[in-house]
Structure formats: structure tokens, C-alpha cells
Amino acid sequence: MAAGMGEHMSTSSSRPVLRVSEEGRVALSDLLPTEEPIEFRLQGVPIAVLMRTPGHDEELARGFALTEGIILHPEELAEVRALPGLDGAGRYDLVLAEGIRVDEEQFRRNLYATSSCGVCGKASIDAVRVAAPPLPAGPVIPGGLLQDLMESMRSAQAGFDATGGLHAAAAFTGEGEFLGAREDVGRHNAMDKLVGRLSSRRWPMGEMVVTVSGRVSFELVQKAAVAGISILAGVSAASSLAVDLADELGLTVAGFVRPGGFNLYTHPHRIASQDERPPTDD
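Residues numbered from 1 in each chain as written. Predicted model: local features only at pLDDT ≥ 70, side-chain atom pairs only at ≥ 80, totals over all residues. Heavy atoms only, no water.

Visitor: How would you sum up the overall build of the chain? Please name residues and give values.
Guide: Scanning the chain from N- to C-terminus turns up seven helices and twelve strands. Per-residue burial for the chain yields a buried fraction of 52% across its 282 residues. A separation threshold of at least 6 residues defines the contact pool for the chain, and within that pool the share at least 24 residues apart is 53%. A total of about 13100 Å² of accessible surface is found on the chain, and carbon and sulfur atoms cover 52% of it. (Helix = DSSP H or I, 4+ residues; strand = E, 2+ residues; numbered from the N terminus. Buried < 20%, exposed > 50% of the residue type's maximum accessible area, 1.4 Å probe, protein only. Contact = heavy atoms within 4.5 Å. Areas by Shrake-Rupley, 256 points an atom, 1.4 Å probe, with all protein chains shown as cover.)

Visitor: Tell me about the sheet that holds strand 5 (residues 77–82), and please be specific about residues and values.
Guide: Strand pairing in a sheet takes place through backbone hydrogen bonds and is either antiparallel or parallel in direction. On the basis of which strands lie adjacent, the open sheet formed by four strands has the order 4-3-6-5 and mixed pairing. Either end of the sheet is taken by a strand with one partner, and the two such strands are strand 4 (45–52) and strand 5. Each adjacent strand pair in this sheet contributes to an overall mean axis angle of 25°, direction not counted. Sheet topology note: the strand 3 (residues 36–42)/strand 4 ladder contains seven bridges and is antiparallel. By the bridge assignment for strand 4, E39 is matched with V49. (Pairing = 2+ DSSP bridges. Axes fitted to C-alpha atoms, helices over the stretch in contact; angles between N-to-C directions.)

Visitor: Outline the sheet that holds strand 7 (residues 167–172), supporting the account with residue identities and numerical values.
Guide: Spatially, six strands are ordered 8-7-9-10-11-12 in an open sheet, and the strand pairing comes out mixed. Two strands lie at the open edges of the sheet, namely strand 8 (178–184) and strand 12 (261–266), each paired on one side alone. Shown here is a sheet whose adjacent strand axes are inclined to one another by a mean of 20°, direction ignored. As paired strands, strand 10 (residues 231–234) and strand 11 (residues 252–258) are joined by three bridges and run parallel to one another. Looking at strand 11, one finds that A233 is bridged to A254.

Visitor: Quick rundown of the nonpolar core? Include the residues and the values.
Guide: Core analysis: the biggest nonpolar cluster contains 51 residues, and F40, V210, V221 and L232 have the highest contact counts within it. If near-sequence neighbours (up to four positions away) are discounted, F40 is found in contact with V45, P46, I47, A48, L50, L60, A61, F64 and Y92. With 17 residues, the next largest nonpolar core counts A168, A170, V257 and I271 among its residues. (Core = buried A, V, L, I, M, F, W, Y, C linked by side-chain atoms within 4.5 Å.)

Visitor: Give a description of the pairing of strand 6 (residues 91–96) that names residues and reports values.
Guide: Side-chain direction in a regular strand flips from residue to residue, so the side chains alternate between the two faces of the sheet. In terms of burial, strand 6 is a largely internal element, five of the six residues being buried. Pairing geometry for strand 3 and strand 6, over four bridges, is parallel. Bridge pairing links E39 to R91 in strand 6. Both strand 5 and strand 6 contribute to a ladder of five bridges, which runs antiparallel. Paired with E79 across the two strands is V95, which belongs to strand 6.

Visitor: Account for the pairing of strand 9 (residues 209–212), naming residues and giving values.
Guide: Side-chain alternation along strand 9 places V209 and T211 on one buried face and V210 and V212 on a second face that is also buried. Pairing of strand 7 with strand 9, which is carried by four bridges, proceeds in the antiparallel orientation. Across the sheet, the residue bridging to A169 is V212, located in strand 9. In terms of strand pairing, strand 9 meets strand 10 through four bridges, oriented parallel. The residue bridging V212 from the neighbouring strand is G234, located in strand 10.

Structure representation (C-alpha cells):
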């Protein structure tokens, strides 16, 4: 397996720092979240450069291709091919399945995407409206379950525990079953890695709850909608454009999901009363 595509790439890098406190300054080593560029090409044509945390790069590539509307189904991507070169582990060609045709120039970016903002522009906005399937009516979940899911995601954030600087995205069934989680220095990359991982099981992903460790941005709503995810919850606020897009596409968005409550921004019919809990076998 090519470097960068494996499951065990380091999410952190050690650097010398000066720890400053009331007691003075102390020289020590600190673990920082690893951030490196990755380039995606479509049939050999460069289309995007992302800043990401190395690891699960093939999942990132597949999730990116799906959530940006480059392909409409996982089977349309035949291969994520590592390219040779000095930094070959950070360059991949998206090879389309036989018979699939895509206009590479439609998705070509002349600017790189930072780890904080993702890829956003007219092409991606148009793509989400074309590629997003009708979202399912459910699941309908108890309000109290959202806090439980956020805690479950937090327990899966090993990279954050080590560095304090990685975002996470996690997926759950409507009954609260944990389906998987991914971390990355970019919140949108964490979502793409998660989508890339789960898309091989089911597409669209359907009645599912996805939690994210920060704010709910336009990019995250876009990617969730294209993946067919109907509930998106964040530990922080939602942006105005994220709420507008979610409202248009029928996506339930919750923010500030913390002990004691949360904000429901759009389509609250999928969230039951806060004091209701999942039924038990008793």
C-alpha cells in the first residue's frame, strides 16, 4: 500500500516549544497536528490541492470526489492511484470507471484549499444542488441522544487528545450505533474521510446522524447533503449560509450540542423532545 494511504500515518509531529507560565519559561517538546498538502488529479488533470492530516488518503479522495459532485456514485471511481515523484505520497489521480465521462475543467481549482475553509465556489455550490439526493424523512431521534452521540465522538478523538488540534466527524444510526469516525486538521477533510469510508457500504448514506467537533459550515452541510445524510450536529454554531443551504435541502442541523441542550436551526421534525430517551429492552 502506498505511503499516505495506510491506516497508521502519524497525526502528530514533535516540535520544540517554550512553555510560558507564571513560573517562567520551560523548554520542552510538544505534539502538533500534522498538516501537509495533498493534490488530486482527475484523469491526469490537476483539480485541487488540500491541506490535510496524512492518513486515510484514499478515503479522503473518494469522499472528496463524491461530496464535491465530481462523481455521483462510488462505483464511478475505479481507482485512487498514487502518483510517483518526490512527494508522491501526497499526489493522487482519480481514475474514473470505464464509460464514465467528466469535464475535468468544471472542477479544476486554480487556488488551493486551506485546512480551515475547504473548497468553496460557484462550481461546488452548483454541484451540491445537482448531486444532492432527496433526503429521507428520518431518522427521528430523542433530543437527549444528540449529547450522547457527541460524547461518543469525543471518546474516539485520539488525535485530538494528543495534539488538541484535530477536528472530527463521526457517524451513527438513528438508534445511536457507532458507525465510524475520522479526524483531520480540516473539518471538511474529516467529513470527506468519513464519507469515503462509509460510502462503500451504502450510497446514499441515508438515515444517519453525523456529528462534528466544531462549527457547522456551508462545506459540511454541502457534503452531508450530497451523501444523503439527514441530521448534522456540531458542538459549536452553524454559519448563516450553512443554515440557508440546509433549510433549502431538507437537512436537520443542530448546533451547540452540549450538556444541557442545543440549538435546532433547520427541520426540527427529526428531533423529538429533549427529555425523551431511546427506548430500552426493559
